[in-house]
Amino acid sequence: MNRREFLKTMFAAGAFAPFARLSAVTGLGALPEAIRSAGKVDRRRYKNTGTTLPMLGFGMMRLPRLSDGSIDEKTASEMVDKALKCGLNHFDTAHMYHKGESEKFVGKVLSRYPRESFTLSSKMPWYARTPEGVEKIFQEQLTRCKTPYFDFYLIHSLGKRNWATAQRLKTYEFLERMKKEGRIRHLGFSFHDKPEVLKEIVKAKKWDFALIQVNALDWKNYRSKEQYEILTENGIPAFVMEPLRGGSLVRLGKHAETILKNSNKEASVASWMFRYVGSLPNVLCVFSGMSRMEHLEENIKTFTDFKPLTPEERTTLALAIGSYEKGLAVPCTACRYCLPCPAGVRIPAIFSIYNEYKLQGNRAEFLAKMKALPEGSGPEECVNCGKCMKHCPQHIRIPEELKKIREDFAKG
Ligand code: SF4
Ligand code: SF4
């Protein structure tokens, strides 16, 4: 079935019925209560257009789960309702989040609302193998999300290798066509590689926005500053991912946390981190994957009447981050440049487990996490080939560090 036939079938089958029905019935003057009372979270304007986005976007990759690992739809729906009530009306999903269930959940939960009352982003994964595969995935995403269009659409996780694949498959050209046909409103990409590669991608095509990793630790270590500046110089608004670096930046260790508490007794560590990225003027929206209602409520608070960091607070945060870095056993930034390891070692995952142990001192947790590593991916697999070290921007002596961790783990 080609694209045109597919969309015809979708409309005929009523796949977009909630959208059509709500638009027709409610119009803009009769929105549900959740939307009428929206408007607390601060918003930023997309370039000089009428489109605005909440400064905080709801990342749908770490939704609450039930004990069998499936999405806890009841809690997640309540969180979405709460978000919309508070003006947090941008949602970000991807084909692979929750093994495809995130997009389906998004379709289910958001189709209860008028389509124009929220904005939605999703992403073309890197595992499409043919141009037909790209098209098929995109159509599947529209179906899953029960939407006739994406407000923001990204090519997922571009770096040198994925950019080469995208060029070979002519992914950009297909998505550009979708934009012309109204299936995409803004076209961008998410990025994980060095600034040099980012420059190349930015110059190659016309992009409406880009999603990069920015947080208080990676600004320097991961060269996020350079990435942010490349986007800014090229007039490309930045979306931000990993503001808490996968949650690791809310546990900074006793010393660093005391520095922050001494400056502001009330503020949580997470709020410092969010204020850090929100203070950057070219950041349009900060994505946070929230899995608990308390996280959502706290983050909404941070982005309501948002206060950028003062120069004094910047100094305080830099001190805390400096102390945190010193406490790290291995200065790994999880950039993943060292991967893939030919022996299958999960290098950044192992370093992250070890760092957390050294910061928090919880040995039982360290042992449990090491045991939970998939077979064939632990530090004992390292054959000392040295390949990884050639790519590590932190110049970490990776095989030596792995050996140390292996020996520590062996003590039990
Ligand atoms: S030195 Fe060890 S960890 Fe690094 S690439 Fe070789 S086998 Fe993998
Ligand atoms: S070991 Fe080095 S290259 Fe690998 S993730 Fe850590 S910092 Fe990046």
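Summary of the structure given here. (Residues numbered from 1 in each chain as written. Chains lettered and ligands numbered in written order. Predicted model: local features only at pLDDT ≥ 70, side-chain atom pairs only at ≥ 80, totals over all residues. Heavy atoms only, no water.)

## Regarding the pairing of strand β10 (residues 283-289)
For clarity, the threshold we go by: Partly exposed residues are those whose accessible area sits between 20% and 50% of the maximum for their type, while under 20% is buried and over 50% is exposed, using a 1.4 Å probe and protein chains only. The helix and strand labels rest on DSSP assignments: H or I over at least four residues marks a helix, E over at least two residues marks a strand, and numbering proceeds from the N terminus. Two strands form a pair only when DSSP identifies at least two bridges running between them.
Most of β10 is tucked away: six of the seven residues are buried. Note: strand β3 (residues 56-59) against β10, four bridges, orientation parallel. Considered in β10, the bridge of glycine 57 is made with phenylalanine 287. Bridge analysis of strand β9 (residues 238-241) against β10 gives three bridges, and the strand direction is parallel. Within the sheet, the bridge partner assigned to valine 240 lies in β10 and is valine 286.

## Some details on the pattern of salt bridges
Rules: The rule for a salt bridge is simple: a side-chain nitrogen of Lys or Arg has to be within 4 Å of a carboxyl oxygen of Asp or Glu.
For the coordinates displayed, the defined rule picks out 27 salt bridges. The residue glutamate 242 makes a salt bridge to arginine 62 at a minimum N-O spacing of 3.9 Å. In this pair, glutamate 242 is assigned in the loop between β9 and α12 (254-263) and arginine 62 in the loop between β3 and α4 (73-85), connecting sequence segments 180 residues apart. Exposure remark for glutamate 242: the relative accessible area of 25% places this residue in the partly exposed category. On the accessibility criterion, arginine 62 (36% relative accessible area) is partly exposed. Across the pair glutamate 401 and lysine 404 runs a salt bridge, and its minimum N-O distance is 3.1 Å. Here glutamate 401 and its partner lysine 404 are both found in helix α18 (residues 398-410), three residues apart, which amounts to about one turn of the helix. We classify glutamate 401 as buried; its relative accessible area is 14%. A relative accessible area of 45% means that lysine 404 is categorised as partly exposed. Salt bridges here are not isolated pairs; linked through shared partners, they connect Arg251, Glu356, Glu365 and Lys369.

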